[in-house]
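So you can see what is in the structure, the chains are spelled out below.
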Amino acid sequence: MLSDVLPDQEPLSEVGQDILEQVTWSPEKARMYAVEQYFREACWTFGGDLPRMLGITLCMLKAEATAGRRLRPAVRALAGAGFRPVDVVAFRHDRLTIREVWRHHFNLATPERVEAMDLILPTTDTVCLVLKDTEWQPGRMPAAIRLNSLKGPADPGERLPQHLRHQLGVVNGLFNFMHCSDEPIDVFREIAVLCDDARRDLMRERILGDHDALPEVLALFDALERRHPAHDFDYGLSWKRLAGAPGAPGRLAARRAAGEDITVTDVMTVTQGVSYEDPHRWDLLTVITHLLKVMNVPGLSPSVPNVTAEWGGPR
């Protein structure tokens, strides 16, 4: 029980143990999130709807999902697993949202990984799907935990055909197309990172009304794909295209062709000066994701524990 670890003391937050015990199985996360403003604001909106919210989760289809044309395949894979959208929020990541969404995992990220995410994620909009788990019932595994177990591990060698990452053909550790909330407490928190009071109220109305957001989702996909050309994420072809690019990207490719060892830092430096609309930006980003080999500082663990389907049910 969380109450065994959170003894009776003067409270630091109005969020009670009755809520915390239903949305997380981690005493560490309960302590950290209970005083965090994002989670508090989400509780103001959704705290009275916990039974329904345990059947709701988030899946963010990141910038590379648009460029790689994985948007519709992702929705089809999610539907096949029993998840359907009841709301959708499109937004453009910036430095702040990147750090806030991944706040409790960035303590182990290398500087190069953080810089790479800063370059990749703001290139196009991210599509945040608010998903209803159609298989969820009271007393069963929360939707967020089930979706995470279906997403599959980061290591390609450990993925199975039923894993969503396998079905989407994930390219590498950075071009993995989706971010899913770990457990219900993260669903609450990440909604508030992205949405102000009015947008959270609309989301609540749609969740409680079992809104069918699929037409909005597909229309959004159409708009994104009209604005952003498809990319193959092919490392060799990306270098070939860069060889014909004007300016700094072309000069970088010429240095490589002359035998110079091009580092990930070299490519990041060039990418910083390339606009989001430049047709060669995704070529540079593809090169970065292939050159970046070490994304986590060895010996460190996330500041909050990883959640797995084996954790069991709410206490």
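Residues numbered from 1 in each chain as written. Predicted model: local features only at pLDDT ≥ 70, side-chain atom pairs only at ≥ 80, totals over all residues. Heavy atoms only, no water.

*Asks:* Describe the pairing of strand β3 (residues 126-133), listing the residues and the values that go with them.
*Replies:* Counting buried positions over the eight residues of β3 gives seven, a clear majority of the element. Alignment of strand β1 (residues 56-61) against β3, held across six bridges, turns out to be antiparallel. Counterpart to M60 in the pairing with β3 is C128. (Buried < 20%, exposed > 50% of the residue type's maximum accessible area, 1.4 Å probe, protein only. Helix = DSSP H or I, 4+ residues; strand = E, 2+ residues; numbered from the N terminus. Pairing = 2+ DSSP bridges.)

*Asks:* Residues and numbers for the environment of D186, please.
*Replies:* Within the element layout of this structure, D186 appears in helix α12 (residues 184-194). For D186, a relative accessible area of 5% gives the class buried. Spatially, the C-alpha atoms of D186 and V101 are 9.2 Å apart, while their sequence positions differ by 85 residues. Once you skip the residues sitting within four places of it in the chain, D186 turns out to touch K29, Y33 and S181. (Contact = heavy atoms within 4.5 Å.)

*Asks:* Pulling in residues and values, what's your account of the sheet that holds strand β2 (residues 83-91)?
*Replies:* Here four strands make up an open sheet; going across it, the order is β2-β3-β1-β4 and the pairing antiparallel. The outermost strands of the open sheet, each flanked by one partner alone, are β2 and β4 (178-180). In this sheet, neighbouring strand axes are inclined to one another by 25° on average, regardless of whether the strands run parallel or antiparallel. Examined bridge by bridge, β2 and β3 share eight bridges and lie antiparallel to one another. Bridge pairing in β3 links V89 to C128. Lying on the sheet, helix α10 (residues 143-151) is in contact with β1, β2, β3 and β4; it crosses β1 at an angle near 40°. (Axes fitted to C-alpha atoms, helices over the stretch in contact; angles between N-to-C directions.)

*Asks:* How would you sum up helix α4 (residues 37-46)? Please name residues and give values.
*Replies:* Those residues of α4 lying buried are F39, E41, A42, C43, T45 and F46. Residues of α4 that are buried make contact with α2 (17-23), α3 (27-34), α5 (50-53), α12 and α13 (197-208).

*Asks:* Describe the packing of helix α7 (residues 71-80) against helix α14 (residues 214-227), with residues and values.
*Replies:* Axis separation between α7 and α14 bottoms out at 10 Å; the angle between their running directions is 160°. In this view, α7 runs roughly antiparallel relative to α14, as classed from their interaxial angle. Contact residues: α7 offers L71, R72 and V75, while α14 offers L214, V217, L218, F221, D222, L224 and E225. Residues that form the contact of α7 with α14 fall into these classes: seven nonpolar, no polar and three charged. (Parallel < 35°, antiparallel > 145°, perpendicular 65-115°, else oblique. Nonpolar A, V, L, I, M, F, W, Y, C, P; charged D, E, K, R; others polar.)

*Asks:* Please give an account of the nonpolar core that cites residues and values.
*Replies:* Grouped together as the largest cluster of nonpolar side chains are 92 residues, with contacts concentrated most on F39, L61 and L129. Ignoring sequence-local partners within four residues, the contact set of L129 consists of T57, L58, C59, L61, V75, L78, D87, V88 and V217. (Core = buried A, V, L, I, M, F, W, Y, C linked by side-chain atoms within 4.5 Å.)

*Asks:* Got a sec to walk through the environment of R255? Specific residues and values, please.
*Replies:* Along the chain, R255 falls in helix α16 (residues 247-257). The exposure class of R255 is partly exposed, given its relative accessible area of 31%. Ignoring anything within four residues of it in the chain, the contact list for R255 reads E260, I262 and D266. One polar contact links R255 to E260, side chain to side chain, over a distance of 2.7 Å. (Polar contact = N/O pair within 3.5 Å; in protein donor to acceptor, adjacent residues only side chain to side chain.)

*Asks:* Account for the pairing of β1, with residues named and values stated.
*Replies:* Across the six residues that make up β1, a large majority, six, are buried. Alternating positions in β1 separate into two faces, I56, L58 and M60 on one and T57, C59 and L61 on the other, with burial throughout. For β1 and β4, the ladder comprises three bridges, and the chain directions are antiparallel. Paired with C59 across the strands is C180, a residue of β4.

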